[in-house]
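# Results of the structural survey
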Amino acid sequence: DTGVSQNPRHKITKRGQNVTFRCDPISEHNRLYWYRQTLGQGPEFLTYFQNEAQLEKSRLLSDRFSAERPKGSFSTLEIQRTEQGDSAMYLCASSLEGFNSPLHFGNGTRLTVT
Amino acid sequence: DAKTTQPTSMDCAEGRAANLPCNHSTISGNEYVYWYRQIHSQGPQYIIHGLKNNETNEMASLIITEDRKSSTLILPHATLRDTAVYYCIVRVARTSGSRLTFGEGTQLTVNP
């Protein structure tokens, strides 16, 4: 399968703990995006990378959130000191450069904070 | 970002064509219309996109009006597996970014 891969698929953590998610994009895609989706809502943009550079961050991305893409390939999203409001599906997508290039999404990581 | 308006829900009989409308009256000349769908517990799936001309692929057809203020996604022979939330998105043509901004979409239910 050469699609976008996200790990883990599910994560349950206690409030206050740190969590990290991984995204492996489609290999030739130089753009990588993170989105968050809560129940009944459409996905909300968090941040995006072009190669290893983080070019845009949403106001939704609080100081407790950090994303990296160190070698321009896979990416990690870390949430520090998790809160119950962080419970959501975290989606990763990748694309080629250009607004004529569709984003291809993974199946997400579902985070539950207890 | 240009706003889109979609019906909250639609029903379709299995085997019939499903026609999903979208209004995007504030679209700019260089902005693309994208359609995605999302089946429960999965990530959004890309369906089709277009700028001015009608487009067709193995999944669907996209009809864009001449003034570009609205579009229709057509699933020619809907199956039960097409039950999903369908998102119509106008993608801003920035040289940097050009993320997709999702609304609430249309819940399409295909009935046997």
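Scope of this entry: the structure provided in the associated data block. For every chain, the first residue of the written sequence is number 1, and numbering continues from 1 along that sequence. Lettering of chains starts at A and numbering of ligands starts at 1, both following the order in which they are written. Residue-level local features of this predicted model are given only where pLDDT is at least 70; pairs of side-chain atoms are given and counted only at 80 or more, and the full residue set underlies all totals for whole chains, interfaces and linings. By convention in this description, side-chain values take in all heavy atoms of the structure and omit both hydrogens and water.

## A closer look at the overall build of chain A
Quick reminder of the rule: The helix count covers DSSP runs of H or I at least four residues long, the strand count covers runs of E at least two residues long, and both are numbered beginning at the N terminus. Atoms counted for the radius of gyration: C-alpha only. Globule rule: 2.2 Å times residue count to the power 0.38. Whether a residue is buried, partly exposed or exposed follows from its accessible area with a 1.4 Å probe, protein chains only, as a fraction of its type maximum: under 20%, in between, or over 50%, in that order. Here, two residues are considered to be in contact whenever any of their heavy atoms come within 4.5 Å of each other. All accessibility values rest on the Shrake-Rupley procedure with a 1.4 Å probe; residue burial counts only the protein chains present in the view. Charge counting treats Lys and Arg as positive and Asp and Glu as negative, with His and both chain ends excluded. Where a charge lies is defined by one atom per residue type: Lys uses NZ, Arg uses CZ, Asp uses CG and Glu uses CD.
Check the secondary structure of chain A and you find zero helices and eleven strands. Scanning chain A from its N terminus toward the C terminus, one meets helices and strands in the order β-β-β-β-β-β-β-β-β-β-β. Over its C-alpha trace chain A gives a radius of gyration of 13 Å, about what one expects of a compact globule, namely 13 Å for 114 residues. With respect to the principal axes defined by its C-alpha atoms, chain A has extents near 40 × 25 × 25 Å. Burial analysis of chain A (114 residues in total) assigns 48% to the buried set. For chain A, the share of sequence-separated contacts (at least 6 apart) that also reach a separation of at least 24 residues comes to 53%. Surface exposure of chain A reaches about 5800 Å², of which carbon and sulfur atoms provide 44%. Counting 14 positive and 12 negative side-chain charges, chain A places the averaged centre of each group 7 Å from the other.

## With respect to the nonpolar core
The criterion, for reference: Residue types Ala, Val, Leu, Ile, Met, Phe, Trp, Tyr and Cys, when buried and joined through side-chain atoms within 4.5 Å, form a set referred to as a nonpolar core.
Ranked by size, the top nonpolar core spans 21 residues in total, and within it B:W35, B:L73, B:Y86 and B:L108 carry the most contacts. The biggest single contributor to this core is strand β8 (residues 84–91) of chain B, with four residues. Not counting chain neighbours up to four residues away, the residues in contact with B:L108 comprise B:M10, B:D11, B:C12, B:A18, B:L20, B:L75, B:D82, B:T83, B:A84 and B:Y86. With 19 residues, the next largest nonpolar core counts A:V19, A:I26, A:L61 and A:F65 among its residues.

## Examining the pairing of strand β5 (residues 44–50) of chain A
All names here are of chain A. Put simply, the rule reads: Two strands are counted as paired when DSSP detects at least two bridges linking them.
Of all seven residues in β5, six are buried; the element is thus mostly enclosed. What sits between strand β4 (residues 31–37) and β5 in their antiparallel hairpin is a turn of six residues, with G40 showing a positive phi close to 85°. Bridge count between β5 and strand β6 (residues 53–57): four bridges; the pairing is antiparallel. Paired with F49 across the bridge in β6 is Q54. Once β5 ends, the chain turns through two residues before running back antiparallel as β6, passing N51 with a positive phi of about 55°.

## Quick look at the packing of aromatic side chains
Inclusion rule: Only centres within 6.5 Å qualify two rings of Phe, Tyr or Trp (six-membered ring in Trp) as a pair; their planes then separate them into stacked at under 30 degrees, edge-to-face at over 60, and tilted for everything else. Each ring is checked for a lysine NZ or an arginine CZ that lies within 6 Å of its centre and within 35 degrees of its normal; such an atom marks a charge sitting over the ring.
This model, assessed by the stated rule, comprises 14 aromatic pairs over all chains. Taken together, a centroid distance of 6.4 Å and an interplanar angle of 20° make the contact between B:Y34 and B:Y36 stacked. Overall, the relative accessible area of 0% leaves B:Y36 in the buried class. Each residue in the set A:Y35, A:F45, A:F105, B:Y32, B:Y34, B:Y36, B:Y46, B:Y87 and B:F102 is aromatic and connected to the rest through ring pairs, giving one cluster. Sitting above the plane of the A:F74 ring, A:R22 keeps its charged end 3.9 Å from the centroid.

## Section: the side chain of A:R69
Residue and element names in this part refer to chain A. The line we're drawing: Salt bridges are defined by distance alone: a side-chain nitrogen of Lys or Arg within 4 Å of a carboxyl oxygen of Asp or Glu. Polar contacts, as used here, are pairs of N or O atoms within 3.5 Å; protein pairs need one atom able to donate a hydrogen and one able to accept it. Residues neighboring in sequence count only if both atoms are side-chain atoms.
Here R69 shows up in the loop between β7 (65–68) and β8 (75–79). One buried charged residue, R69, forms no salt bridge at all, with the nearest opposite charge on E52 at 7.1 Å. Of the polar contacts made by the side chain of R69, one reaches the backbone oxygen of N51; its length is 3.1 Å. Not counting residues up to four positions away in its chain, the partners in contact with R69 are P25, H29, N30, R31, L32, F49, Q50, N51, E52, F74 and S75.

## Remarks on the pattern of salt bridges
Close approach of charged atoms allows side chains with opposite charge to pair. Residues and elements named next belong to chain B. Tallying each qualifying case throughout the model produces five salt bridges over all chains. For D82, the salt bridge identified is with R37, shortest N-O distance 2.7 Å. Taken together, the residues span a long stretch of sequence, with D82 in the loop between β7 (70–75) and β8 and R37 in strand β3 (residues 32–38) at a distance of 45 residues. On the basis of relative accessible area, D82 is assigned to the buried category, the value being 12%. Under the relative-accessibility criterion, R37 is labelled buried at 11%.

## Looking at the interface of chain A and chain B
Just so we agree on the cut-off: Once two parts are joined, some of their accessible surface, as seen by a 1.4 Å probe, is lost; buried area is that loss totalled over both.
On the side of chain B, 25 residues touch chain A, which itself brings 23 residues to the contact. Taken over both partners, the interface formed by chain A and chain B buries close to 1900 Å², and the fraction arising from carbon and sulfur atoms is 52%. At the junction of chain A and chain B, the tally comes to one salt bridge. Across the salt bridge formed by A:E56 and B:R99, the nearest N and O atoms sit 2.9 Å from each other.

Distances and angles like these do not, on their own, reveal function.
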